[in-house]
Amino acid sequence: MSLPSFFKSLRGEMKKSRFKIWLRAFLFVQFSALFTIYFLRDIENGYFNWKWVALIIAAFIPVGLLLSLMVPMQADHELRAVTFSLDRFYLFLIWLLVIAKLIIGRIPFFTPEADFIMCAIIGIMFGRLSGIGLRVRQQKIQHGFNL
């Protein structure tokens, strides 16, 4: 396989939903691990508690599910896969929330608000990832692709 055909093959794989879902799952795990460190510190210092973490994350999962409906998705019969493209609104929203968390988290009085934002990010990411997975599965079934 020549180098240009390798890149063409890699690009085809990167278009597929499986690659993009795994990439999003990896980012979700990274954010969750990083935020867990912050939660442990803030809960130990009395700013927040695990009950709030669970409730806020659960409250934002439906927001992520709704955002998953905005992801442009199509069946590619040549690749026998579902492909989708970048959702700029979601990317902007997550970056805005991360920047807000970083800024607000520097002010000790606003630590609970920073924790709230972290919970919102995790809930949105989980809901969106779940919604995308469900939509991809539905598309694959609808178009007769192997699951």
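Residues numbered from 1 in each chain as written. Predicted model: local features only at pLDDT ≥ 70, side-chain atom pairs only at ≥ 80, totals over all residues. Heavy atoms only, no water.

Concerning the nonpolar core
For step 1, the next point in the chain: With 23 residues, the main nonpolar core has Phe39, Phe48, Val53, Ile94, Cys119, Ile121 and Ile124 as its most contacted residues.
For step 2, the next point in the chain: At the level of elements, α2 (17-44), α3 (50-68), α4 (88-104) and α5 (111-143) are the ones that each hand at least two residues to this core.
For step 3, the next point in the chain: For this core, the element with the highest residue contribution is α5, accounting for eight residues.
For step 4, the next point in the chain: Setting aside residues no more than four positions away along its own chain, Phe48 makes contact with Phe39, Asp42, Ile43, Val53, Ile56, Pro112, Asp115, Phe116 and Cys119.
For step 5, the next point in the chain: Val71, Val82, Val136 and Phe145 belong to the second largest nonpolar core, which has seven residues in total. (Core = buried A, V, L, I, M, F, W, Y, C linked by side-chain atoms within 4.5 Å. Buried < 20%, exposed > 50% of the residue type's maximum accessible area, 1.4 Å probe, protein only. Helix = DSSP H or I, 4+ residues; strand = E, 2+ residues; numbered from the N terminus. Contact = heavy atoms within 4.5 Å.)

Some thoughts on a nonpolar patch on the surface
For step 1, the next point in the chain: A surface patch of nonpolar side chains, amounting to about 510 Å² of accessible area, comprises Leu86, Leu91, Trp95, Ile99 and Ile103.
For step 2, the next point in the chain: Mapped onto the fold, Ile99 is located in helix α4. (Patch = residues over 30% accessible without salt bridge, like charges linked within 9 Å, V, L, I, M, F, W, Y side chains within 5 Å. Areas by Shrake-Rupley, 256 points an atom, 1.4 Å probe, with all protein chains shown as cover. Salt bridge = Lys/Arg side-chain N within 4 Å of Asp/Glu carboxyl O.)

Notes on the confidence of the model for the chain
For step 1, the next point in the chain: For the chain, the average pLDDT comes to 87, and 88% of its residues sit at 70 or higher.
For step 2, the next point in the chain: Across the chain, the secondary-structure element scoring lowest on mean pLDDT is helix α1 (residues 3-15), at 55, and the one scoring highest is α3, at 97. (pLDDT = per-residue confidence, 0-100.)

Thoughts on the pairing of strand β2 (residues 81-84)
For step 1, the next point in the chain: Of the two faces of β2, the one holding Ala81 and Thr83 and the one holding Val82 and Phe84 are both buried throughout.
For step 2, the next point in the chain: Bridging between strand β1 (residues 73-76) and β2 involves four bridges; their strand directions are antiparallel. In the strand pairing of β2, Met73 is matched with Phe84. (Pairing = 2+ DSSP bridges.)

Observations regarding the pattern of salt bridges
For step 1, the next point in the chain: Tallying each qualifying case throughout the model produces two salt bridges.
For step 2, the next point in the chain: The partner of Asp42 in a salt bridge is Arg41, with the nearest N and O atoms 3.0 Å apart.
For step 3, the next point in the chain: Taking relative accessible area as the criterion, Asp42 reaches 2% and is therefore assigned buried.
For step 4, the next point in the chain: For Arg41, a relative accessible area of 42% corresponds to the partly exposed category.
For step 5, the next point in the chain: Arg128 is paired through a salt bridge with Asp87; the nearest N and O atoms lie 3.7 Å apart. On the criterion of sequence distance, the pair formed by Arg128 in helix α5 and Asp87 in the loop between β2 and α4 is long-range, its members being 41 residues apart.
For step 6, the next point in the chain: By relative accessible area, Arg128 is classed as buried at 2%.
For step 7, the next point in the chain: In this structure Asp87 comes out as buried when scored by relative accessible area, which is 7%.

With respect to the environment of Gln138
For step 1, the next point in the chain: Along the polypeptide, Gln138 turns up in helix α5.
For step 2, the next point in the chain: As a C-alpha pair, Gln138 and Val82 span 56 residues in sequence and 9.9 Å in three-dimensional space.

Let's talk about α4
For step 1, the next point in the chain: Relative to the 24 Å expected for 17 residues at 1.5 Å per residue, α4 spans 24 Å between its end C-alpha atoms, a close match to the ideal helical length.
For step 2, the next point in the chain: Residues of α4 that are buried include every one of Tyr90, Leu93, Ile94, Leu97, Val98 and Lys101, and no others. Axial view of α4: buried residues confined to an arc of 130°, hence all on one face. Away from its buried face, by an angle of more than 90 degrees, α4 presents the exposed residues Arg88, Phe92, Trp95 and Ile103.
For step 3, the next point in the chain: Lining the buried residues of α4 we find α2, α3 and α5.
For step 4, the next point in the chain: Looking at where α4 begins, the residue whose side-chain oxygen comes 3.3 Å from the main-chain nitrogen of Phe89 is Asp87. (Expected span 1.5 Å × (residues − 1). Arc of directions from axis to C-beta. Polar contact = N/O pair within 3.5 Å; in protein donor to acceptor, adjacent residues only side chain to side chain.)

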